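# Fold and contact review
Letter by letter, the chains look like this.
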Amino acid sequence: MLARVNRKVEGFFYKRGIDAPEIRILLRNQLYLTGLGIGISLIFGLTTWAFEFIVGTLLGGINFYALAKIVQQLIFVRRGAIASLLVSFYFRLLFTAIVLYVVIVFFKANIVALLSGLSVVIINILIFGATLVGQKLKEA
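These numbers come from a predicted model, not from an experiment.

### A few points about a nonpolar patch on the surface
There is a patch of nonpolar side chains on the surface, built from Tyr 101, Ile 104, Val 105, Phe 106, Phe 107, Ile 111 and Leu 115 and spanning about 710 Å² of accessible area. Listing elements by their share of the nonpolar patch, those giving two or more residues are helix H4 (81-106) and helix H5 (111-118). Looking at the secondary structure, you find Ile 104 in helix H4.

Following this line, the structure appears as structure tokens:
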């Protein structure tokens, strides 16, 4: 059953232009971790800390998806790659800065909760890296 769900989620990303299977796996895992984080936050009650954690998790996930899309363009399209990378980087930076500014200044968000949510992306990359190392060790 999980394999079928994985295929559907990866198919969803494939239809949106994510061709590399490794990147689709990373995005799939990010989606699962984001959902898990939101689910756990809702189970413990929608406190302000949980809301701030959810904002951080969603912000990290959106940035990660945008980065995955631009990496696909950089790998397959050589002409204008630097310009598209810079434009994408600065738009993501501006979007992230505005969201963090609004949440921190106007809503007086807990910085630890926001950073905990943003760190879900790092956890995803660490899990993916550990999985790759485990596969390489099995082959050796």
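### Things to note about the pattern of salt bridges
Under the criterion given, the structure shown has one salt bridge. Its salt-bridge partner being Arg 28, residue Glu 10 comes within 2.5 Å of it at the nearest N-O pair. Highlighted residues: Glu 10 in helix H1 (residues 2-15) and Arg 28 in helix H2 (residues 21-43), separated in sequence by 18 residues. Taking the relative accessible area as the measure of exposure, Glu 10 reaches 17% and is therefore buried.

### Looking at the environment of Ser 41
Residue placement: Ser 41 occurs in helix H2. The exposure class of Ser 41 is buried, given its relative accessible area of 8%. It is 9.8 Å that separates the C-alpha atoms of Ser 41 and Glu 52, two residues lying eleven residues apart in sequence. If sequence neighbours within four positions are ignored, Ser 41 has contacts with Leu 46, Ala 50, Phe 53 and Ile 54. Separated by 2.9 Å, the side chain of Ser 41 and the backbone oxygen of Gly 37 make a polar contact.

### Here we look at the packing of H2 against helix H6 (residues 120-139)
For the pair H2 and H6, interaxial distance at closest approach is 10 Å and the crossing angle is 130°. For the element pair H2 / H6, the angle class is oblique. The handedness of the crossing between H2 and H6 is right-handed. Residues Glu 22, Ile 25, Leu 26, Asn 29, Gln 30, Leu 33 and Thr 34 of H2 form the contact with H6, whose own contacting residues are Val 120, Val 121, Ile 123, Asn 124, Ile 125, Ile 127 and Phe 128. Residues that form the contact of H2 with H6 fall into these classes: nine nonpolar, four polar and one charged.

### Observations regarding the packing of aromatic side chains
This model, assessed by the stated rule, comprises five aromatic pairs. Here Phe 13 and Tyr 65 contribute two aromatic rings whose centre-to-centre distance is 6.1 Å and whose plane-to-plane angle is 40°, an arrangement assigned as tilted. Taken together, the residues span a long stretch of sequence, with Phe 13 in helix H1 and Tyr 65 in helix H3 (residues 48-76) at a distance of 52 residues. On the accessibility criterion, Phe 13 (6% relative accessible area) is buried. Here the aromatic rings of Phe 89 and Tyr 90 are separated by 5.1 Å at their centres, their planes lie at 75°, and the arrangement is edge-to-face. Its relative accessible area of 37% is what places Phe 89 among the partly exposed residues. Following the ring pairs from residue to residue traces out a cluster consisting of Phe 12, Phe 13 and Tyr 65.

### Describing the packing of H5 against H6
Two elements in contact, H5 and H6, have axes separated by 4 Å at closest approach and are oriented at 30°. As summarised for this structure, H5 and H6 are arranged roughly parallel, according to the angle between their axes. Residues Ser 116, Gly 117 and Leu 118 of H5 pack against Val 120, Val 121 and Ile 122 of H6. Its residues assigned to classes, the contact of H5 with H6 shows four nonpolar, two polar and no charged.

Criteria and thresholds
- Counting from 1, residues in each chain are numbered in the order their sequence is written.
- Two thresholds apply to this predicted model, a pLDDT of at least 70 for residue-level local features and 80 or more for giving and counting side-chain atom pairs, whereas whole-chain, interface and lining totals are computed over all residues.
- Hydrogens and water are ignored here; the side-chain numbers use all heavy atoms of the structure.
- Patch criteria: residues need more than 30% relative accessible area and no salt bridge. Like-charged residues are merged within 9 Å; nonpolar side chains of Val, Leu, Ile, Met, Phe, Trp and Tyr are merged within 5 Å.
- In this description, accessible areas are obtained by the Shrake-Rupley approach with a 1.4 Å probe, and a residue is regarded as covered only by the protein chains that are shown.
- What makes a salt bridge here is a side-chain nitrogen of Lys or Arg within 4 Å of a carboxyl oxygen of Asp or Glu, nothing more.
- For the purposes of this entry, the term helix denotes a DSSP run of H or I that reaches at least four residues, the term strand denotes a run of E that reaches at least two, and both are numbered from the N terminus.
- Burial status follows relative accessibility: with a 1.4 Å probe on protein chains alone, a residue under 20% of its type maximum counts as buried, one over 50% as exposed, and anything between as partly exposed.
- The criterion used for residue contact is that any of the two residues' heavy atoms lie within 4.5 Å.
- Under this definition, polar contacts are N or O atom pairs within 3.5 Å; protein pairs additionally need one hydrogen-donor-capable and one acceptor-capable atom, and for neighbouring residues in sequence, both atoms have to be side-chain atoms.
- All axes here are fitted lines through C-alpha atoms, helices being fitted over the stretch that makes contact, and every angle between N-to-C directions spans 0 to 180 degrees.
- We call two directions roughly parallel when the angle between them is under 35 degrees, roughly antiparallel when it is over 145, roughly perpendicular when it lies between 65 and 115, and oblique otherwise.
- Crossing handedness is read from the near helix: turned anticlockwise from the far helix by less than a right angle, it gives a left-handed crossing, and turned clockwise, a right-handed one.
- Ten residues, namely Ala, Val, Leu, Ile, Met, Phe, Trp, Tyr, Cys and Pro, are considered nonpolar, four, namely Asp, Glu, Lys and Arg, are considered charged, and the remaining ones, Gly among them, are considered polar.
- Pairing of aromatic side chains here covers Phe, Tyr and the six-membered ring of Trp, requires ring centres within 6.5 Å, and sorts the geometry by plane angle: under 30 degrees stacked, over 60 edge-to-face, intermediate tilted.

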